[in-house]
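Inside the fold
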Amino acid sequence: MTKRVPFTINNSPARVTLIQTGTITIKRCHHSCCLPERAPMTARFAAILADRRWADPMPIWTFVIEHPEGIFIVDAGATPAFNDEASWERDPRAGRLLRSFLRIEVQEHETLPAQMDALGIPTEEVSALVLTHQHIDHTASVPAFKNADIWTTAAEDNAAAHTGSNPWRWRSAETRIRHIDAEGIEPTDPKSGLKATVNLVGDASLRAIHTPGHTPGSASVVLATDQAEIWFTGDTSFTADTMNPTADTAGIHTDMSAVRRLHNHFAGIGVLLPSHDWDNPSRLAGLAETVSGR
Ligand SMILES: [Zn+2]
């Protein structure tokens, strides 16, 4: 599924395209926390592994931003390699473990590069790709973007190295990694949970921000259009509806209190595009009506 929405930035035409790279299905205790939020991470992970009930499938979104200053991407989505035994040759145990609590359904024609090709958006012209985090449903197509800076955080690199989040699947010596937390500017209001920020364009209408919580190095992206601020919030909350300090949240955020601070900050702000929300296209369509009705 794709959804393309035109809007303007400083009166120049721009566009956001939502591209769904298949679905992910997780256990119910992963989708919504089964234990008190103060429970340690190891207990929450054990609850997920023990849970035999699957939640409903969720979309895996990626986002292409055609900005007056270039083409930018948020997240690289999933590929069929997740289900390909040979791709786990270097780490078969990690493959078995992940597939015991995650199901990813994606066809080759549904990958981000394949769908960009079908839409006529050249992958080689992408100048930067921001990873909201390094989980397997957000990184798989990174190698297709040969000319792009790949923005993540040093905090995420450290966490991925520690937990074995399989960076080898998307990363090589040629990958041009840049770190938001090393290059960014620290905020004046640290209470929001927003940390170091990098301007991706000259007029600061597109920014990548270190927003730890779901993982230690999670990041968000904000696009300031003439119509609204659009926030790409990764897995801080799976849906915009649950971007709410009192709603059920996922069972495996690494820092629950940081996630709750972010929920508080994001609730009611601009247009939210979390990475796994079926309602993203309809929320963006509302923005399109604002543009065409001007
Ligand atoms: Zn995810």
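Reading guide: rules and limits
Residues numbered from 1 in each chain as written. Predicted model: local features only at pLDDT ≥ 70, side-chain atom pairs only at ≥ 80, totals over all residues. Heavy atoms only, no water. Buried < 20%, exposed > 50% of the residue type's maximum accessible area, 1.4 Å probe, protein only. Helix = DSSP H or I, 4+ residues; strand = E, 2+ residues; numbered from the N terminus. Arc of directions from axis to C-beta. Contact = heavy atoms within 4.5 Å. Core = buried A, V, L, I, M, F, W, Y, C linked by side-chain atoms within 4.5 Å. Disulfide = S-S within 2.5 Å.

**Quick notes on helix 4 (residues 112–119)**
- Restricting attention to buried positions, one finds in helix 4 the residues Leu112, Pro113, Gln115 and Met116. Buried positions in helix 4, seen along its axis, are confined to an arc of 165 degrees and lie on one side of it. Away from its buried face by more than 90 degrees, helix 4 exposes Asp117 and Ala118.
- Those residues of helix 4 hidden inside the fold are in contact with strand 1 (2–9), strand 2 (12–26), strand 3 (58–67), strand 4 (70–74) and strand 6 (126–130).
- Positioned one or two residues after helix 4, Gly120 has a phi angle of 75 degrees, which is positive.

**Focus on the side chain of Thr153**
- Mapped onto the secondary structure, Thr153 falls in the loop between strand 7 (149–152) and helix 6 (154–163).
- When neighbours within four sequence positions are excluded, Thr153 is seen to be in contact with His179, Ile180, Asp181, His210 and Gly217.

**Some points on the nonpolar core**
- Ranked by internal contacts, the top residues of the largest apolar core, which has 30 residues, are Leu223, Ile230 and Phe232.
- Setting aside its immediate chain neighbours within four residues, Phe232 contacts Val16, Phe63, Ile65, Val74, Ser220, Val221, Leu223 and Leu273.
- By size, the runner-up hydrophobic cluster in this structure holds 19 residues, among which are Ile24, Met58, Trp88 and Phe101.

**Section: unusual backbone geometry**
- Of note in this structure, Asn10 is not a glycine but carries a positive phi near 50 degrees.
- Summarising the element assignment, Asn10 is placed in the loop between strand 1 and strand 2.
- One non-glycine residue, Asn11, lies in the positive phi region at around 70 degrees.

**Section: the state of the cysteines**
- Inspection of every chain in the model, using the stated rule, returns one disulfide.
- The side chain of Cys29 participates in a disulfide bridge whose partner is Cys34; the two sulfur atoms lie 1.9 Å from each other. Between Cys29 and Cys34, the S-S dihedral sits near -100 degrees, and the bridge is therefore left-handed.
- On the basis of relative accessible area, Cys29 is assigned to the buried category, the value being 8%.
- Here Cys33 stays free of any disulfide, with the sulfur of Cys34 as its closest cysteine sulfur at 6.8 Å.

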